[in-house]
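Chain and residue survey
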Amino acid sequence: MRKIILLGYMGCGKSTIAKTLSRIIRIPFVDLDKYIEEKTNLSINSIFEKHGEIYFRKVEHEAFLELLNSSESMIIGLGGGTPCYANNHELLKGENVLSVYLRASIDTLFSRLSANKSKRPLIANKNDEEMKEFIAMHLFERSFYYNQAQYKVNVDNKTIDQVVLDIVSILA
Ligand SMILES: Nc1ncnc2c1ncn2[C@@H]1O[C@H](COP(=O)(O)OP(=O)(O)OP(=O)(O)O)[C@@H](O)[C@H]1O
Ligand SMILES: O=C(O)C1=C[C@@H](O)[C@@H](O)[C@H](O)C1
Ligand SMILES: [Mg+2]
């Protein structure tokens, strides 16, 4: 069955956009971070703290495969780093998969993330200046993987509804 995958940097809007898209096209939305939290009974923060990032990436890869192999159609919102580890980027072009990179600028990401960073372990302890520098460097390193998506949608200065409509027109 069909899998619609939304990917992109933390704060680009994967969860927000997927929820509205799900209502419109009537395909259920599964957030990979939430799926991992339910599966392990731990928050993403606790997995990083207790077991470290390498362990998290292994669990993340297994959880992504489980969702891709399930028999239901679904919208999958990836974690910000999912395409960049364990060759997950190769899964973005699989059969019955439609992948969309929600592309946001450093400024958009900074303003969205500075409002709410405590639940995001990679940036939780950074001040504004450190965070801006980190986002710029990290986005540059990750762009290669994000650009493996079949489609790209710019999200800067667009409302949630505008971004959702852009995706609906890709699906049409
Ligand atoms: N198009 C938009 N316009 C304005 N605000 C937006 C838009 N899309 C998302 N947001 C806001 O940006 C913030 C981050 O969005 P969201 O949590 O959906 O991102 P995410 O990509 O799922 O992040 P993460 O990878 O950390 O889970 C939220 O506060 C959300 O309300
Ligand atoms: O960008 C990342 O590497 C991450 C993003 C979040 O969605 C979580 O998956 C986790 O905090 C790691
Ligand atoms: Mg999210």
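Residues numbered from 1 in each chain as written. Chains lettered and ligands numbered in written order. Predicted model: local features only at pLDDT ≥ 70, side-chain atom pairs only at ≥ 80, totals over all residues. Heavy atoms only, no water.

The name given to the chain in an unreviewed UniProt entry is Shikimate kinase, with the source organism recorded as Flavobacterium zhoui. Database annotation for the chain, UniProt heading Catalytic activity (unreviewed entry): "shikimate + ATP = 3-phosphoshikimate + ADP + H(+)". In its Subcellular location (unreviewed entry) section, the UniProt entry covering the chain states "Cytoplasm". (UniProt positions renumbered as here; feature names shortened; annotations may be inferred.)

1. As for the UniProt feature "binding site: ATP" (unreviewed entry) in the chain
Residues given the UniProt feature "binding site: ATP" (unreviewed entry) here are G11, C12, G13, K14, S15, T16 and R120. The class of C12 is buried, set by a relative accessible area of 1%. If we skip the residues at most four places from it in the chain, C12 touches L7, L102, A104, L109, R112 and V155. When you line up the elements, S15 lands in helix 1 (residues 14-25). Among the residues examined, S15 registers a relative accessible area of 28% and is labelled partly exposed. Filtering out sequence-adjacent residues up to four positions away, S15 remains in contact with F29 and D31. (Buried < 20%, exposed > 50% of the residue type's maximum accessible area, 1.4 Å probe, protein only. Contact = heavy atoms within 4.5 Å. Helix = DSSP H or I, 4+ residues; strand = E, 2+ residues; numbered from the N terminus.)

2. Examining the packing of aromatic side chains
Within this structure, the stated rule accounts for three aromatic pairs. A ring pair is formed by F144 and Y145, whose centres lie 5.1 Å apart and whose planes are at 85 degrees; its orientation type is edge-to-face. For Y145, a relative accessible area of 25% puts it in the partly exposed group. Across from the ring centre of F134, 4.8 Å away, lies the NZ or CZ of K126, which sits over that ring. In this structure, K132 packs its charged tip against the face of F110, placed 5.1 Å from the ring centre. (Phe/Tyr/Trp six-rings, centres within 6.5 Å; stacked < 30°, edge-to-face > 60°. Lys NZ or Arg CZ within 6 Å of the ring centre and 35° of its normal.)

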